[in-house]
Amino acid sequence: MGKEDATQFDFSSQYHQFQGSPGSPGSTFVELAGGPALPALGHAIAGSLATAGSKLLVYPIELVTTRLQVQRQLRGPGEAPSAARGANAEYKSFVDGVQKIFKNEGGLAFYTGCTPDVGKGIADSFLFFLAYTFVRQHQLRRDGKKDLSIVQELGVGVAAGSFAKLITTPLQNIITRQQTAVLVAARDPSSATAGSGSDKLTIRDIARQIQSERGLAGFWAGYSASIILTLNPAITFAVENTLKSFLSKSRREKPSPQLTFLLAATSKAIATSLTYPVMLAKSRAQAFTPLPINDSDDTEKDAPQPGAPPSGRGNRKAKKTTKSSVHKLLSLLSAQYAIMLTLRKIYREEGLSGLYSGIEGEVLKGSSVMVSR
């Protein structure tokens, strides 16, 4: 690989480690502008198949991690952690979670909700690559260039990721509830979320629960956090470049396979650590109907409503001339604000360790995916 190829940032490879990109040397895909009209579809299918394999490999890790992320949210007021742990409804650590799940639920429990999750992973990858390739080629044709700048690549990747998550977030809400239903059942067997056993909760059952608890908008709980998390590959890339800057010129230009893996693994771990609290907030938002939160007394009722204009600035003329794009921006900002309030509430009640509950599993999952590729 030449120096020019090594410095080019292909956003899709940060997601699924594909070599080359449309418009770059060595690409296995024909550009939309100069060949068959289906390279985006081929790119999407290839990415989907790779995702399905990696999902099956790391799913047990993901399930344990999700339970660790949400278990503290189930504690009652003044409840001692030892009470839940004694009843096997809470785990001390990732290893403790693995041991208790295997002992109390059996080996198949590690794949609770796996089928819809694999389906979601395939859909995520398919939609991402389809949108990524299409938007990228459109940008290349418009600019009349062979390659995009790093900033443009990142922008296309974030847009493609946000589009994919918009479609698949409803299924992710259902999967998260399937993964954590046994924790709810252990504390409250009569709970609607518990159903008649976590192994008997169907997608339709959980969809009805979400609909009855939150309405249609409830299926997109955690979507705003997903938008933030689309920046994870960009952060990984930035950290990796920073680490490379400390190397000698010869090692930067021709790194050994071991050094390449070490840099990638370290960069991924750092990026995960920076964004992990947002991952945790997303899981908690999707697992249960959240208690109201606001800026002063931890209640959501005072948080800005999506699309609402800033208080004290509304007037008839402004309301009539406000464009839909402004409403969308306000909706996005209010959603991010709600996430910050959620994180602050977790920090106040559970401390720094609460924001990083289960991070060891997330780091392990990232490492496992890298090794498999």
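Residues numbered from 1 in each chain as written. Predicted model: local features only at pLDDT ≥ 70, side-chain atom pairs only at ≥ 80, totals over all residues. Heavy atoms only, no water.

### What about the overall build of the protein chain?
Argument step 1. Scanning the protein chain from N- to C-terminus turns up 15 helices and zero strands.
Argument step 2. Out of the 373 residues belonging to the protein chain, those deemed buried represent 44%.
Argument step 3. Relative to all contacts within the protein chain whose residues are 6 or more apart in sequence, the contacts with residues 24 or more apart total 76%. (Helix = DSSP H or I, 4+ residues; strand = E, 2+ residues; numbered from the N terminus. Buried < 20%, exposed > 50% of the residue type's maximum accessible area, 1.4 Å probe, protein only. Contact = heavy atoms within 4.5 Å.)

### A closer look at the pattern of salt bridges
Argument step 1. If you walk through the whole model with that rule in mind, you get 15 salt bridges.
Argument step 2. In this structure, Arg67 engages Glu105 in a salt bridge whose closest nitrogen and oxygen atoms are separated by 2.9 Å. Within this pair, whereas Arg67 is found in helix H3 (residues 39–70), its partner Glu105 is found in helix H5 (residues 94–105), the two being separated by 38 residues in sequence.
Argument step 3. The shortest N-O distance in the salt bridge between Lys345 and Glu349 comes to 3.1 Å. Taken together, the residues span about one helical turn, with Lys345 and Glu349 both in helix H14 (residues 324–355) at a distance of four residues.
Argument step 4. On the basis of relative accessible area, Lys345 is assigned to the buried category, the value being 17%. (Salt bridge = Lys/Arg side-chain N within 4 Å of Asp/Glu carboxyl O.)

### A few points about the packing of helix H7 (residues 150–187) against helix H8 (residues 203–214)
Argument step 1. In the contact formed by H7 and H8, the axes pass within 10 Å of each other and the chain directions differ by 105°. Put simply, H7 runs roughly perpendicular to H8. Between H7 and H8, the contacting residues are Asn173, Ile174, Arg177 and Gln178 on the first element and Ile203, Ile206, Ala207, Gln209, Ile210, Glu213 and Arg214 on the second. (Axes fitted to C-alpha atoms, helices over the stretch in contact; angles between N-to-C directions. Parallel < 35°, antiparallel > 145°, perpendicular 65-115°, else oblique.)

### Focus on the packing of aromatic side chains
Argument step 1. As enumerated under the stated definition, the model contains four aromatic pairs in all.
Argument step 2. Plain terms: the ring middles of Phe128 and Phe129 are 5.4 Å apart, the flat faces sit at 75° to each other, and that makes the pair edge-to-face. Here the two residues Phe128 and Phe129 agree in accessibility, since each one is buried.
Argument step 3. Joined through ring pairs, the aromatic side chains of Phe128, Phe129 and Tyr132 make up one cluster. (Phe/Tyr/Trp six-rings, centres within 6.5 Å; stacked < 30°, edge-to-face > 60°.)

### Points about the nonpolar core
Argument step 1. Ranked by internal contacts, the top residues of the largest apolar core, which has 20 residues, are Val64 and Ile101.
Argument step 2. Counting residues per element, the ones that place at least two in this core are H3, H5, helix H6 (114–143) and H7.
Argument step 3. Broken down by element, this core gets its largest block of residues, seven residues, from H3.
Argument step 4. Excluding its chain neighbours within four sequence positions, the residues that come into contact with Val64 are Phe94, Gly97, Val98, Ile101 and Phe110.
Argument step 5. In terms of nonpolar packing, the next biggest core, distinct from the first, is built from twelve residues, Tyr276, Val278, Ala281 and Leu343 among them. (Core = buried A, V, L, I, M, F, W, Y, C linked by side-chain atoms within 4.5 Å.)

### Some thoughts on the packing of H6 against H7
Argument step 1. Packing of H6 against H7 brings their axes to within 8 Å, and their N-to-C directions diverge by 160°. Classified by the angle their axes make, H6 and H7 are roughly antiparallel. Between H6 and H7 the crossing geometry is right-handed.
Argument step 2. Across the contact of H6 with H7, the residue classes tally to 14 nonpolar, seven polar and seven charged. (Left-handed = near helix turned anticlockwise from the far one by under 90°. Nonpolar A, V, L, I, M, F, W, Y, C, P; charged D, E, K, R; others polar.)

### Comments concerning the environment of Ile346
Argument step 1. Looking at the secondary structure, you find Ile346 in helix H14.
Argument step 2. Accessibility expressed as a relative area gives 5% for Ile346, which makes it buried.
Argument step 3. Taking C-alpha positions, Ile346 is 9.4 Å from Pro277, a pair spaced 69 residues apart along the chain.
Argument step 4. If we ignore the near neighbours within four places in the chain, the residues touching Ile346 are Leu280, Arg284, Gly351, Gly354 and Leu355.

### Comments concerning the confidence of the model for the protein chain
Argument step 1. For the protein chain, mean pLDDT is 76; residues scoring 70 or higher make up 66% of the total.
Argument step 2. The low-confidence segment residues 1–37 (pLDDT under 50) makes 81 contacts with residues lying over four places distant or belonging to another chain.
Argument step 3. Segment residues 295–311 is flagged for pLDDT under 50; beyond a separation of four residues in sequence, or across chains, it makes 34 contacts in the model. (pLDDT = per-residue confidence, 0-100.)

### What about the side chain of Gln139?
Argument step 1. On the secondary structure map, Gln139 appears in helix H6.
Argument step 2. With near-sequence residues (within four places) excluded, Gln139 lies in contact with Leu148 and Gln152.

### Things to note about H5
Argument step 1. Across its twelve residues, H5 extends 16 Å between first and last C-alpha, which sits within 8% of the 16 Å expected from 1.5 Å per residue.
Argument step 2. Restricting attention to buried positions, one finds in H5 the residues Phe94, Asp96, Gly97, Lys100 and Ile101. Angular distribution of buried residues about the axis of H5 spans 150°; they occupy a single face of the element. Facing away from the buried side of H5, by more than 90 degrees, are the exposed residues Val95, Gln99, Phe102 and Lys103. (Expected span 1.5 Å × (residues − 1). Arc of directions from axis to C-beta.)

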